[in-house]
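The chain contents come next:
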Amino acid sequence: MPRQHNKKKTGSLQPQVIALGLMGAGLLVLGVLAIFLLPKSGAANQPADQLSSVPVAVDFGAPQFDLEDLQGNTVSLADYRGQVVLVNNWATWCPPCKAEMPTLQAFYQDHHQQNFTIVGIEAGEPGPDVAQFVKEYGLTFPIWPDIGQKSILAFPYQNLPNSYVIDRTGKVRLAWPGAISLKMLWGYVTPLLEE
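Report on the accompanying structure.

Here is what the cut-offs are and how they apply
Residues numbered from 1 in each chain as written. Predicted model: local features only at pLDDT ≥ 70, side-chain atom pairs only at ≥ 80, totals over all residues. Heavy atoms only, no water. Buried < 20%, exposed > 50% of the residue type's maximum accessible area, 1.4 Å probe, protein only. Helix = DSSP H or I, 4+ residues; strand = E, 2+ residues; numbered from the N terminus. Arc of directions from axis to C-beta. Contact = heavy atoms within 4.5 Å. Disulfide = S-S within 2.5 Å. 1 Å grid on protein atoms, 1.4 Å probe; cavity = no way out; pocket = protein on both sides within 12 Å on 5 of 7 lines; lining within 4 Å. Points joined across faces, edges and corners; volume = space filled by probe spheres on them. Phe/Tyr/Trp six-rings, centres within 6.5 Å; stacked < 30°, edge-to-face > 60°. Pairing = 2+ DSSP bridges. Axes fitted to C-alpha atoms, helices over the stretch in contact; angles between N-to-C directions.

### Regarding helix α3 (residues 127-137)
Part 1 of the reasoning: For α3, the set of buried residues is V130, F133 and V134. Buried positions in α3, seen along its axis, are confined to an arc of 100° and lie on one side of it. Every exposed residue of α3 that faces more than 90 degrees away from the buried side is listed here: P128, K135 and E136.
Part 2 of the reasoning: Packing partners of the buried residues in α3 comprise β4 (84-90), α2 (95-111), β5 (116-122) and β6 (143-145).
Part 3 of the reasoning: Looking at the residues trailing α3, positive phi occurs at G138, about 65°.

Here's what the structure looks like:
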């Protein structure tokens, strides 16, 4: 049986390939020009500390659930009644969570002597991984691993990060569905410390 040779049909396909290649190159050039020629404005050009969601005023009782802290002690938000508490739900793998940690640490250092604390609740990683993160970031406020994601399920927002401010009576007063800046903390949390 004689061998058959496959003949490539290049006549009709080649102009299409060339046209697609030229279109792709043109789009690439336009993209590069846009980067250099468009005005530099918007969130991408703001300092990291100014990138923040604005809190939502809320009014509901703080949820009740028990977790274990990094030392294995059973802890609850009720343990902090009489203090203003910022609950921060976060994860070790979450870029905006990582970015806001120095801000939270700085605000905590400035205000913890005013009966204020931050409780950072990590959503899903085991204790040793969370402890390593705490060490790397130099965090001194309480951190609770939450493998079962009790905190995420107990509060309204499931995106990360999210934060809630609980007043001295146990009422949740502010909800942040996103990252927090130092400016927002000073503007919204500081007045609650003075109540």
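### A closer look at the environment of M184
Part 1 of the reasoning: With respect to the helices and strands, the residue M184 is situated in helix α5 (residues 182-188).
Part 2 of the reasoning: The exposure class assigned to M184 is buried, which follows from its relative accessible area of 18%.
Part 3 of the reasoning: Counting along the chain gives 131 residues from M184 to S53, while the straight-line C-alpha distance between them is 8.4 Å.

### Comments concerning the state of the cysteines
Part 1 of the reasoning: Within the structure shown, the criterion is met by 1 disulfide.
Part 2 of the reasoning: Here C94 is linked by a disulfide to C97, with a sulfur-sulfur distance of 2.4 Å. Judged by the sign of its S-S torsion, about 75°, the cystine formed by C94 and C97 is right-handed.
Part 3 of the reasoning: Exposure remark for C97: the relative accessible area of 0% places this residue in the buried category.

### Topic: empty space enclosed by the protein
Part 1 of the reasoning: The final tally for this structure, using the stated rule, is 1 cavity of 30 Å³ or more.
Part 2 of the reasoning: What lines the largest cavity is a set of 13 residues, among which L77, Y80, R81, I166 and G170 lie closest to the centre.

### Description of the packing of aromatic side chains
Part 1 of the reasoning: Within the structure shown, the criterion is met by 9 aromatic pairs.
Part 2 of the reasoning: Look at Y80 and W144: their rings are 6.3 Å apart centre to centre, the planes differ by 35°, and that puts the pair in the tilted class. Highlighted residues: Y80 in the loop between β3 (74-76) and β4 and W144 in strand β6, separated in sequence by 64 residues. Summarising the burial analysis for this pair, Y80 and W144 share the class buried.
Part 3 of the reasoning: On the basis of an interplanar angle of 15° and a centroid distance of 4.2 Å, the ring pair of F155 and Y164 is categorised as stacked. Residues F155 and Y164 agree in their burial class; the two are buried.
Part 4 of the reasoning: Pairwise contacts between aromatic rings join W90, F133 and Y137 into one cluster.

### Concerning the sheet that holds β4
Part 1 of the reasoning: Within the open sheet, the 6 strands sit side by side as β1-β8-β7-β4-β5-β6. Their pairing is mixed. The open sheet is flanked by β1 (56-61) and β6, the only strands paired with a single partner. If you compare each strand with its neighbour and ignore which way they point, the axes differ by 25° on average.
Part 2 of the reasoning: For β4 and strand β7 (residues 162-166), the ladder comprises 5 bridges, and the chain directions are antiparallel. Along β7, the bridge assignment pairs N89 with N162.

### Digging into the pairing of β4
Part 1 of the reasoning: Of all the 7 residues making up β4, 7 are buried; the element is thus mostly covered by neighbouring parts of the structure.
Part 2 of the reasoning: Of the two faces of β4, the one holding V84, L86, N88 and W90 and the one holding V85, V87 and N89 are both buried throughout.
Part 3 of the reasoning: Relative to β5, β4 runs parallel, the two sharing 7 bridges. Along β5, the bridge assignment pairs L86 with I118.

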